[in-house]
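# Summary of the model geometry
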Amino acid sequence: MRVLLANLAVIFIAVTGAGAAIAGGLGQPEPWQLGLQQAASPSAEGIASFHTLLLWIITIITLFVAALLAYVVWRFSEKKNPVPSKTTHNTMIEFVWTVVPILILVGIAIPSFRLLYLQRDIPEAGLTIKATGNQWYWSYEYPEHKNADGEAISFDAVMKTDEERGENDPRLLAADTPVVVPVNTVVKVIVTASDVLHAWTVPSFGAKIDAVPGRLNEIWFKVEKAGVYYGQCSEICGKDHSFMPIEVRVVSQADYNKWLDKTKTAGLEAANKNLIAKMNAGNADSKVAKLNN
Ligand SMILES: [Cu+2]
(Lines give C-alpha, C1' and ligand atoms only; values in the text may rest on other atoms or scores of the structure.)
Protein backbone atom coordinates (compact mmCIF):
# COMPACT_ATOMS: atom_id res chain seq x y z
CA MET A 1 0.00 0.00 0.00
CA ARG A 2 2.82 2.37 0.91
CA VAL A 3 4.56 1.62 -2.41
CA LEU A 4 1.27 2.24 -4.19
CA LEU A 5 0.83 5.61 -2.49
CA ALA A 6 4.39 6.57 -3.35
CA ASN A 7 3.75 5.65 -7.00
CA LEU A 8 0.57 7.69 -7.02
CA ALA A 9 2.43 10.68 -5.61
CA VAL A 10 5.08 10.38 -8.33
CA ILE A 11 2.43 10.11 -11.03
CA PHE A 12 0.57 13.12 -9.65
CA ILE A 13 3.74 15.21 -9.65
CA ALA A 14 4.53 14.02 -13.17
CA VAL A 15 1.07 14.93 -14.44
CA THR A 16 1.12 18.39 -12.90
CA GLY A 17 4.75 18.76 -13.99
CA ALA A 18 3.72 18.22 -17.58
CA GLY A 19 2.36 21.77 -17.49
CA ALA A 20 4.42 24.70 -18.67
CA ALA A 21 5.71 25.60 -15.20
CA ILE A 22 8.17 22.71 -14.85
CA ALA A 23 8.67 21.96 -18.54
CA GLY A 24 12.19 22.16 -19.91
CA GLY A 25 13.70 24.99 -21.90
CA LEU A 26 13.48 25.55 -25.62
CA GLY A 27 16.28 23.54 -27.17
CA GLN A 28 17.97 22.60 -23.92
CA PRO A 29 17.22 21.14 -20.49
CA GLU A 30 16.66 23.29 -17.42
CA PRO A 31 17.47 22.73 -13.74
CA TRP A 32 14.63 20.90 -11.95
CA GLN A 33 12.95 20.08 -15.22
CA LEU A 34 10.27 17.40 -14.91
CA GLY A 35 8.43 17.62 -18.23
CA LEU A 36 9.76 17.33 -21.75
CA GLN A 37 11.77 20.08 -23.41
CA GLN A 38 9.58 22.63 -25.20
CA ALA A 39 8.41 21.45 -28.60
CA ALA A 40 9.66 23.37 -31.63
CA SER A 41 8.50 21.12 -34.47
CA PRO A 42 5.27 19.32 -35.45
CA SER A 43 6.78 15.99 -34.43
CA ALA A 44 7.84 17.27 -30.98
CA GLU A 45 4.38 18.82 -30.45
CA GLY A 46 2.82 15.47 -31.31
CA ILE A 47 5.13 13.65 -28.89
CA ALA A 48 4.35 16.14 -26.09
CA SER A 49 0.58 15.89 -26.45
CA PHE A 50 0.70 12.09 -26.80
CA HIS A 51 2.83 11.94 -23.65
CA THR A 52 0.30 14.08 -21.75
CA LEU A 53 -2.61 11.94 -23.01
CA LEU A 54 -0.88 8.74 -21.86
CA LEU A 55 -0.08 10.27 -18.49
CA TRP A 56 -3.76 11.06 -17.93
CA ILE A 57 -4.84 7.57 -18.99
CA ILE A 58 -2.24 5.93 -16.72
CA THR A 59 -3.22 8.17 -13.80
CA ILE A 60 -6.93 7.45 -14.12
CA ILE A 61 -6.32 3.67 -14.41
CA THR A 62 -3.97 3.68 -11.41
CA LEU A 63 -6.42 5.66 -9.26
CA PHE A 64 -9.29 3.38 -10.30
CA VAL A 65 -7.35 0.17 -9.51
CA ALA A 66 -6.10 1.62 -6.21
CA ALA A 67 -9.67 2.54 -5.21
CA LEU A 68 -10.93 -0.95 -6.13
CA LEU A 69 -8.12 -2.51 -4.14
CA ALA A 70 -8.83 -0.34 -1.10
CA TYR A 71 -12.53 -1.21 -1.31
CA VAL A 72 -11.82 -4.97 -1.55
CA VAL A 73 -9.40 -4.85 1.40
CA TRP A 74 -12.05 -3.09 3.48
CA ARG A 75 -15.19 -4.91 2.29
CA PHE A 76 -13.84 -8.46 2.22
CA SER A 77 -11.64 -8.45 5.29
CA GLU A 78 -11.97 -11.54 7.47
CA LYS A 79 -13.79 -9.54 10.15
CA LYS A 80 -16.37 -8.07 7.80
CA ASN A 81 -16.78 -11.20 5.70
CA PRO A 82 -16.33 -14.30 7.89
CA VAL A 83 -17.93 -16.73 5.40
CA PRO A 84 -16.18 -16.40 2.01
CA SER A 85 -18.27 -16.63 -1.14
CA LYS A 86 -17.63 -19.63 -3.44
CA THR A 87 -18.22 -17.61 -6.64
CA THR A 88 -15.76 -18.52 -9.41
CA HIS A 89 -17.22 -16.91 -12.54
CA ASN A 90 -19.18 -13.85 -13.47
CA THR A 91 -19.71 -13.58 -17.23
CA MET A 92 -20.65 -9.91 -17.19
CA ILE A 93 -17.64 -8.72 -15.21
CA GLU A 94 -15.25 -10.92 -17.24
CA PHE A 95 -16.66 -9.45 -20.45
CA VAL A 96 -16.18 -5.92 -19.13
CA TRP A 97 -12.60 -6.42 -17.92
CA THR A 98 -11.65 -7.83 -21.32
CA VAL A 99 -13.43 -5.34 -23.56
CA VAL A 100 -12.65 -2.13 -21.67
CA PRO A 101 -8.83 -2.61 -21.79
CA ILE A 102 -9.11 -3.45 -25.51
CA LEU A 103 -10.99 -0.20 -26.10
CA ILE A 104 -8.38 1.75 -24.11
CA LEU A 105 -5.54 0.19 -26.15
CA VAL A 106 -7.30 0.93 -29.45
CA GLY A 107 -7.85 4.49 -28.21
CA ILE A 108 -4.10 4.76 -27.55
CA ALA A 109 -3.12 3.08 -30.84
CA ILE A 110 -4.93 5.63 -33.04
CA PRO A 111 -2.96 8.76 -31.99
CA SER A 112 0.19 6.63 -31.68
CA PHE A 113 0.05 5.46 -35.30
CA ARG A 114 -0.91 8.93 -36.49
CA LEU A 115 2.26 10.26 -34.84
CA LEU A 116 4.41 7.45 -36.26
CA TYR A 117 3.21 8.22 -39.78
CA LEU A 118 3.86 11.94 -39.26
CA GLN A 119 7.46 11.12 -38.33
CA ARG A 120 8.13 8.43 -40.92
CA ASP A 121 6.39 10.02 -43.90
CA ILE A 122 9.02 12.59 -44.89
CA PRO A 123 7.64 15.65 -46.71
CA GLU A 124 9.52 17.20 -49.61
CA ALA A 125 12.66 18.66 -48.06
CA GLY A 126 13.94 22.20 -48.55
CA LEU A 127 17.35 21.18 -47.23
CA THR A 128 19.10 17.84 -46.84
CA ILE A 129 21.92 17.26 -44.39
CA LYS A 130 23.96 14.12 -43.85
CA ALA A 131 25.01 13.39 -40.27
CA THR A 132 27.63 10.73 -39.55
CA GLY A 133 28.31 9.48 -36.03
CA ASN A 134 31.92 8.82 -35.13
CA GLN A 135 33.59 7.83 -31.86
CA TRP A 136 33.08 10.52 -30.43
CA TYR A 137 31.88 13.41 -32.52
CA TRP A 138 29.46 14.05 -35.36
CA SER A 139 30.39 15.00 -38.88
CA TYR A 140 28.01 16.76 -41.23
CA GLU A 141 27.70 17.35 -44.92
CA TYR A 142 25.43 19.67 -46.92
CA PRO A 143 25.40 17.74 -50.23
CA GLU A 144 23.35 20.41 -52.02
CA HIS A 145 25.71 23.26 -51.14
CA LYS A 146 29.27 23.57 -52.38
CA ASN A 147 32.05 25.69 -50.92
CA ALA A 148 34.52 27.81 -52.89
CA ASP A 149 36.46 24.69 -53.95
CA GLY A 150 33.35 23.11 -55.42
CA GLU A 151 33.11 20.52 -52.64
CA ALA A 152 30.05 19.94 -50.51
CA ILE A 153 30.13 21.91 -47.26
CA SER A 154 31.25 19.47 -44.59
CA PHE A 155 32.66 19.68 -41.09
CA ASP A 156 33.18 17.86 -37.81
CA ALA A 157 31.31 18.98 -34.71
CA VAL A 158 33.31 18.33 -31.54
CA MET A 159 32.16 19.15 -28.02
CA LYS A 160 33.48 22.38 -26.54
CA THR A 161 35.53 21.81 -23.40
CA ASP A 162 34.97 23.95 -20.30
CA GLU A 163 37.92 26.12 -21.37
CA GLU A 164 36.45 26.66 -24.83
CA ARG A 165 32.91 27.42 -23.73
CA GLY A 166 31.58 30.93 -24.02
CA GLU A 167 28.99 32.36 -21.61
CA ASN A 168 26.13 31.28 -23.88
CA ASP A 169 27.39 27.73 -24.29
CA PRO A 170 25.73 25.11 -22.09
CA ARG A 171 28.05 22.51 -20.59
CA LEU A 172 28.37 19.18 -22.47
CA LEU A 173 25.93 20.44 -25.12
CA ALA A 174 27.81 23.11 -27.08
CA ALA A 175 29.76 22.00 -30.15
CA ASP A 176 32.69 23.81 -31.77
CA THR A 177 30.87 23.90 -35.12
CA PRO A 178 27.07 24.16 -35.20
CA VAL A 179 24.67 22.80 -37.77
CA VAL A 180 22.91 25.81 -39.33
CA VAL A 181 19.42 25.48 -40.81
CA PRO A 182 16.70 27.92 -41.85
CA VAL A 183 13.51 28.29 -39.81
CA ASN A 184 10.16 27.00 -41.14
CA THR A 185 11.89 24.75 -43.66
CA VAL A 186 11.57 20.99 -43.91
CA VAL A 187 15.05 19.68 -43.16
CA LYS A 188 15.80 16.06 -43.94
CA VAL A 189 18.70 14.53 -42.05
CA ILE A 190 20.29 11.40 -43.48
CA VAL A 191 21.95 9.64 -40.58
CA THR A 192 24.67 7.01 -40.59
CA ALA A 193 27.75 6.04 -38.59
CA SER A 194 31.37 5.27 -39.42
CA ASP A 195 32.21 2.88 -36.61
CA VAL A 196 29.60 1.78 -34.06
CA LEU A 197 25.94 2.56 -33.37
CA HIS A 198 25.13 6.15 -32.41
CA ALA A 199 21.82 8.03 -32.44
CA TRP A 200 21.13 11.55 -33.65
CA THR A 201 18.74 13.19 -31.20
CA VAL A 202 17.42 16.70 -30.61
CA PRO A 203 14.57 16.61 -28.03
CA SER A 204 12.92 19.91 -29.00
CA PHE A 205 12.70 18.73 -32.62
CA GLY A 206 11.18 15.39 -31.59
CA ALA A 207 14.02 13.89 -33.62
CA LYS A 208 15.75 10.67 -32.60
CA ILE A 209 17.11 8.11 -34.99
CA ASP A 210 19.82 5.46 -34.87
CA ALA A 211 23.05 6.02 -36.77
CA VAL A 212 23.97 2.58 -38.10
CA PRO A 213 27.28 1.82 -39.90
CA GLY A 214 26.65 0.86 -43.53
CA ARG A 215 23.07 2.01 -43.50
CA LEU A 216 21.28 5.30 -44.18
CA ASN A 217 18.41 6.26 -41.90
CA GLU A 218 16.46 9.44 -42.39
CA ILE A 219 14.47 11.80 -40.26
CA TRP A 220 12.94 15.20 -40.78
CA PHE A 221 12.06 18.28 -38.80
CA LYS A 222 10.61 21.70 -39.47
CA VAL A 223 11.50 24.12 -36.71
CA GLU A 224 8.98 26.86 -36.10
CA LYS A 225 11.04 29.04 -33.75
CA ALA A 226 14.51 30.35 -34.48
CA GLY A 227 17.11 29.76 -31.80
CA VAL A 228 19.81 27.38 -30.64
CA TYR A 229 18.85 23.76 -30.08
CA TYR A 230 20.92 21.10 -28.43
CA GLY A 231 20.85 17.34 -28.45
CA GLN A 232 23.10 14.43 -27.64
CA CYS A 233 24.06 11.05 -29.00
CA SER A 234 21.42 8.68 -27.61
CA GLU A 235 22.84 5.24 -28.28
CA ILE A 236 25.62 4.17 -25.97
CA CYS A 237 28.69 4.10 -28.21
CA GLY A 238 31.73 3.89 -26.00
CA LYS A 239 33.63 5.79 -23.36
CA ASP A 240 32.96 9.31 -24.65
CA HIS A 241 29.31 8.73 -25.53
CA SER A 242 28.25 11.61 -23.27
CA PHE A 243 30.62 13.99 -25.00
CA MET A 244 29.37 14.12 -28.59
CA PRO A 245 26.63 16.76 -28.48
CA ILE A 246 24.55 18.15 -31.32
CA GLU A 247 24.17 21.90 -31.72
CA VAL A 248 21.70 23.21 -34.29
CA ARG A 249 21.32 26.92 -34.96
CA VAL A 250 17.98 27.71 -36.51
CA VAL A 251 18.02 31.11 -38.19
CA SER A 252 15.83 33.15 -40.53
CA GLN A 253 16.04 32.36 -44.24
CA ALA A 254 17.86 35.68 -44.80
CA ASP A 255 20.46 34.91 -42.12
CA TYR A 256 20.83 31.39 -43.51
CA ASN A 257 21.44 32.68 -47.03
CA LYS A 258 24.04 35.13 -45.71
CA TRP A 259 25.74 32.30 -43.80
CA LEU A 260 25.74 30.13 -46.91
CA ASP A 261 27.24 32.91 -49.03
CA LYS A 262 29.92 33.57 -46.46
CA THR A 263 30.91 29.88 -46.32
CA LYS A 264 31.61 30.18 -50.05
CA THR A 265 33.48 33.47 -49.95
CA ALA A 266 35.20 33.52 -46.55
CA GLY A 267 34.98 29.91 -45.42
CA LEU A 268 32.91 28.04 -42.86
CA GLU A 269 34.77 29.25 -39.79
CA ALA A 270 34.30 32.92 -40.66
CA ALA A 271 30.65 32.33 -41.58
CA ASN A 272 29.97 30.67 -38.22
CA LYS A 273 31.85 33.32 -36.28
CA ASN A 274 29.82 36.00 -37.99
CA LEU A 275 26.49 34.23 -37.41
CA ILE A 276 27.15 33.35 -33.76
CA ALA A 277 28.35 36.88 -32.94
CA LYS A 278 25.18 38.23 -34.50
CA MET A 279 22.98 35.77 -32.58
CA ASN A 280 24.76 36.46 -29.28
CA ALA A 281 24.45 40.20 -29.80
CA GLY A 282 20.74 39.69 -30.27
CA ASN A 283 20.47 41.53 -33.56
CA ALA A 284 19.96 38.49 -35.75
CA ASP A 285 16.35 37.64 -36.52
CA SER A 286 17.01 34.68 -34.29
CA LYS A 287 18.68 35.89 -31.13
CA VAL A 288 19.87 33.55 -28.43
CA ALA A 289 17.46 33.14 -25.55
CA LYS A 290 18.83 33.93 -22.10
CA LEU A 291 20.39 30.75 -20.78
CA ASN A 292 20.19 29.53 -17.21
CA ASN A 293 23.72 28.28 -16.86
CU1 LIG B 1 26.74 7.64 -28.22
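All figures in this text were calculated on a predicted structure; none of them were measured in a lab.

Along its length, the protein chain carries five helices and 10 strands. By residue count, 26% of the 293 residues in the protein chain fall in the buried class. For the protein chain, the share of sequence-separated contacts (at least 6 apart) that also reach a separation of at least 24 residues comes to 63%.

Looking at the protein chain, the pLDDT average stands at 88 and 88% of residues meet or exceed 70. Low pLDDT, under 50, characterises residues 289-293; the stretch is placed with eight contacts to residues that sit more than four places away or in other chains.

Attention now moves to the sheet that holds strand β5 (residues 187-193). Across the sheet, five strands lie side by side as β3-β2-β1-β5-β8; this open sheet has mixed pairing. In this open sheet, the two edge strands, each paired with only one partner strand, are β3 (152-157) and β8 (217-221). Each adjacent strand pair in this sheet contributes to an overall mean axis angle of 25 degrees, direction not counted. Two elements, strand β2 (residues 137-146) and β3, share six bridges in a ladder whose sense is antiparallel. The residue bridging Trp 138 from the neighbouring strand is Ala 157, located in β3.

With glycine set apart, most residues show a phi of negative sign, and most peptide bonds adopt trans. Note the cis peptide between Gln 135 and Trp 136, where omega equals 0 degrees. By the element assignment, Trp 136 lies in the loop between β1 (127-134) and β2. Backbone geometry places Trp 32, a non-glycine residue, at a positive phi of 65 degrees. A positive phi is found at Asn 184, a non-glycine position, where the angle reads about 55 degrees. Among the secondary structure elements, Asn 184 is positioned in the loop between β4 (179-182) and β5.

The contact between helix α4 (residues 253-265) and helix α5 (residues 268-281) brings their axes to 7 Å, and the two run at 150 degrees. Classed by the angle they form, the pair α4 and α5 counts as roughly antiparallel. For the pair α4 and α5, the sense of crossing is right-handed. On the side of α4, the interface is formed by Asp 255, Trp 259, Lys 262 and Thr 263, while α5 contributes Leu 268, Ala 270, Ala 271, Asn 274 and Leu 275. Grouping the constituent residues of the contact of α4 with α5 by class yields five nonpolar, two polar and two charged.

Strand-to-strand pairing in sheets goes through backbone hydrogen bonds, with the strands running parallel or antiparallel. Strand order in this open sheet of three strands is β4-β10-β9, and the pairing throughout is mixed. Pairing within the sheet leaves two strands with one partner each, and these edge strands are β4 and β9 (227-232). Neighbour-to-neighbour, the strand axes of this sheet turn through a mean angle of 25 degrees, independent of strand direction. Relative to strand β10 (residues 245-251), β4 is paired through four bridges, and the arrangement is parallel. Bridge pairing in β10 places Val 181 opposite Val 250. Its contacts with the sheet place α4 against β4 and β10, and it is angled at close to 135 degrees to β4.

Helix length check: α4, at 13 residues, gives a terminal C-alpha distance of 18 Å against a target of 18 Å (1.5 Å per residue), a fit within 8%. Every buried residue of α4 is accounted for by Asp 255, Tyr 256, Trp 259 and Thr 263. Along the axis of α4, the buried residues cluster in a sector spanning 100 degrees; they form a single face. The exposed set on the far side of α4, more than 90 degrees from its buried face, consists of Ala 254, Asn 257, Asp 261 and Thr 265. Each element contacted by the buried residues of α4 is listed here: β3, β4, β10 and α5.

Before going further, it helps to examine the pairing of β9. Of all six residues in β9, five are buried, a share of seventy percent or more. Note that β9 and β10 share six bridges and pair antiparallel. The partner of Gly 231 across the bridge, within β10, is Ile 246.

Reading guide: rules and limits
Residues numbered from 1 in each chain as written. Predicted model: local features only at pLDDT ≥ 70, side-chain atom pairs only at ≥ 80, totals over all residues. Helix = DSSP H or I, 4+ residues; strand = E, 2+ residues; numbered from the N terminus. Buried ≥ 20, exposed ≤ 12 C-beta atoms within 10 Å, placed from the backbone. Contact = placed C-beta atoms within 7 Å. pLDDT = per-residue confidence, 0-100. Pairing = 2+ DSSP bridges. Axes fitted to C-alpha atoms, helices over the stretch in contact; angles between N-to-C directions. Parallel < 35°, antiparallel > 145°, perpendicular 65-115°, else oblique. Left-handed = near helix turned anticlockwise from the far one by under 90°. Nonpolar A, V, L, I, M, F, W, Y, C, P; charged D, E, K, R; others polar. Expected span 1.5 Å × (residues − 1). Arc of directions from axis to C-beta.

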